[in-house]
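# Fold and geometry: a report
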Amino acid sequence: MSVRWKGILAATMIGVCSAGLLAAQELEQNRAPIQLHYQWQPGTTYRTFMDMDMSMSFPMGDQTLDQKTHMEMAMSMAASDAGQGNIRLDSKYDRMAMTVDAMGQQMTFDSDTPDAQSPLAMVGQMIGKEFTMTFDEDNQIVEMDMQNIFDAMGMDPNAKQIAGQFMNEEQMSQMLQTWITQFFPEKPVKAGDVWPLDVDWNLTGFGSMSFKGSFTLAGFTKYEGHDCAAIDMNATVDMDLSGDDSTPEELSMLKQMGMSISGGTSSGRIYWDNELGWMRGMTMDQQFTMTMKSPQDGSTMEMPMKQISSMRVEVE
């Protein structure tokens, strides 16, 4: 490496490190405790934009196959007054784009410029199809309707039954309810406060998933021009997808494969707009290794995975 390039590399590394230290220093610490609580505003539309990069490796014969996936998604949720203190959310996917690189081949799809011949075209069928959720004044989900999503995906009866085991009202409500009402503490918190993350999800018919760790209110900063609390999350992830006593016959193969994750990690930062009562953004880094039994000979296969995602929220 030439002296010139060494100098450029050194300057770049110093700049990156300095930027990281500056970002840490910019977190304001001296503020009164705040209450972290989702507040839906009738007449408001929340637009969520997400980017995700995922890489994974899995054995294929005597070789190891590497696969990379990039996904972009835009979703909108319009809040309205449903009466009796309830809030209704009319939600829909506005855009989905995906690129998959595997075995030297690339597959792409973008709902903004759809290609019906793409192997990934099915994801575009959900665009514009509304699904609804209704929350009471305590942010408890009292009603959910996702039928339009199932119909739009054009699933055959068996596929619908399998998807219905996971994406049914009970399962989806459990996950959303956890995120909305259980991740944040009941009492106000200040910079430096730590609270536990202890979540167990029973995925009826599929198995279970758990997150164990903590949240920390690291301080306050500007995010996308908004005054936000910076909340750090660190957790271990365990998952068992070997089914249970209620596993339907259509999922018997899943049960035989005995898929599981042990000791995975999930870390990230949430930017919380306390004035809005909603997230403004989030970054997440997840790493884990999934194990499963080979359908050919029953041997154990390991599939390392890494997923990096980011999300930002615009409000209208």
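Residues numbered from 1 in each chain as written. Predicted model: local features only at pLDDT ≥ 70, side-chain atom pairs only at ≥ 80, totals over all residues. Heavy atoms only, no water.

### Observations concerning the overall build of the chain
- Within the chain, the secondary structure is distributed over five helices and twelve strands.
- Within the chain, buried positions represent 42% of all 316 residues.
- Across the chain, contacts joining residues at least 24 apart in sequence account for 60% of those joining residues at least 6 apart.
- By element, 52% of the accessible surface of the chain is carried by carbon and sulfur atoms, the whole surface being about 17,400 Å². (Helix = DSSP H or I, 4+ residues; strand = E, 2+ residues; numbered from the N terminus. Buried < 20%, exposed > 50% of the residue type's maximum accessible area, 1.4 Å probe, protein only. Contact = heavy atoms within 4.5 Å. Areas by Shrake-Rupley, 256 points an atom, 1.4 Å probe, with all protein chains shown as cover.)

### A word on unusual backbone geometry
- Phi at Gln84 is positive, roughly 60 degrees, even though this residue is not glycine.
- Among the structural elements, Gln84 can be located in the loop between strand E2 (63-83) and strand E3 (86-102).
- Residue Gln84 is classed as exposed on the basis of its relative accessible area of 80%.
- Although it is not a glycine, Glu224 adopts a positive phi angle of roughly 55 degrees.
- In this structure, Glu224 sits in the loop between strand E8 (207-223) and strand E9 (226-241).
- Judged by relative accessible area, Glu224 falls into the exposed class, the value being 56%.

### Topic: the environment of Glu130
- Topologically, Glu130 is positioned in the loop between strand E4 (105-110) and strand E5 (131-135).
- For Glu130 and Asp90, which are 40 residues apart along the polypeptide, the C-alpha to C-alpha distance reads 6.4 Å.
- For Glu130, the residues in contact, after removing those within four places along its chain, are Asp90, Ser91, Lys92 and Asn148.

### So, the packing of aromatic side chains
- Tallied over the full model, the rule gives 15 aromatic pairs.
- Ring centres of Tyr46 and Trp278 lie 4.9 Å apart, and the angle between their planes is 25 degrees; this geometry places the pair in the stacked category. Here Trp278 lies in strand E11 (residues 278-293) and Tyr46 lies in strand E1 (residues 45-60), a separation of 232 residues in the sequence. The same class applies to Tyr46 and to Trp278, which are both buried.
- Measuring from centroid to centroid gives 4.9 Å for Trp179 and Phe183, while their planes differ by 75 degrees, and the two rings are edge-to-face. (Phe/Tyr/Trp six-rings, centres within 6.5 Å; stacked < 30°, edge-to-face > 60°.)

### Regarding the pattern of salt bridges
- The full count for this structure, using the stated rule, is 15 salt bridges.
- Notably, a salt bridge pairs Asp94 with Arg47, separated by 3.8 Å at the nearest N-O pair. Here the residue Asp94 occupies a position in strand E3, and Arg47 occupies one in strand E1, the gap between them amounting to 47 residues.
- Look at Asp94 and you get partly exposed, because its relative accessible area is 26%.
- Each of Arg47, Lys92, Asp94 and Glu316 takes part in a single network of salt bridges with overlapping partners. (Salt bridge = Lys/Arg side-chain N within 4 Å of Asp/Glu carboxyl O.)

### Structural notes on the pairing of E2
- Strand direction decides the pairing type here: E1 and E2, joined by 16 bridges, are antiparallel. Looking across to E2, one finds that Arg47 is bridged to Ser76.
- A loop of two residues connects E1 with E2, the two strands running antiparallel in sequence, and Gly61 in this loop sits at a positive phi of about 70 degrees.
- Strand direction decides the pairing type here: E2 and E3, joined by 16 bridges, are antiparallel. (Pairing = 2+ DSSP bridges.)

### Observations regarding the nonpolar core
- In terms of nonpolar packing, the biggest core is built from 73 residues, with Ile231 and Trp278 touching the most fellow members.
- Beyond its immediate stretch of four places on either side in the chain, Ile231 contacts Leu36, Phe184, Trp195, Phe215, Thr216, Leu217, Gly268, Arg269, Ile270 and Trp272. (Core = buried A, V, L, I, M, F, W, Y, C linked by side-chain atoms within 4.5 Å.)

### Focus on the pairing of strand E10 (residues 259-273)
- Here E9 runs beside E10; their pairing, made up of twelve bridges, is antiparallel. The residue of E10 that forms the bridge with Leu241 is Met259.
- Bridge count for E10 against E11 is eleven bridges, and the pairing is antiparallel. Considered in E11, the bridge of Ile270 is made with Met282.
- Where E10 folds back onto E11 in an antiparallel hairpin, the turn is made up of four residues, including Gly277, whose phi is positive at roughly 75 degrees.

### A short note on the side chain of Ser210
- Along the chain, the position of Ser210 falls in strand E8.
- Apart from residues lying up to four places away in sequence, Ser210 is in contact with Val199, Asp200, Thr236, Val237 and Asp238.

### Here we look at the side chain of Asn86
- With respect to the helices, strands and loops of the structure, Asn86 is situated in strand E3.
- Asn86 gets classed as buried once you look at its relative accessible area, which sits at 15%.

### Let's talk about the environment of Ala102
- Structurally, Ala102 is set in strand E3.
- Taking the C-alpha atoms as reference, Ala102 lies 4.6 Å from Gln67; in sequence the two are 35 residues apart.
- Not counting the four nearest positions on each side in its chain, Ala102 is found in contact with Leu65, Asp66 and Gln67.

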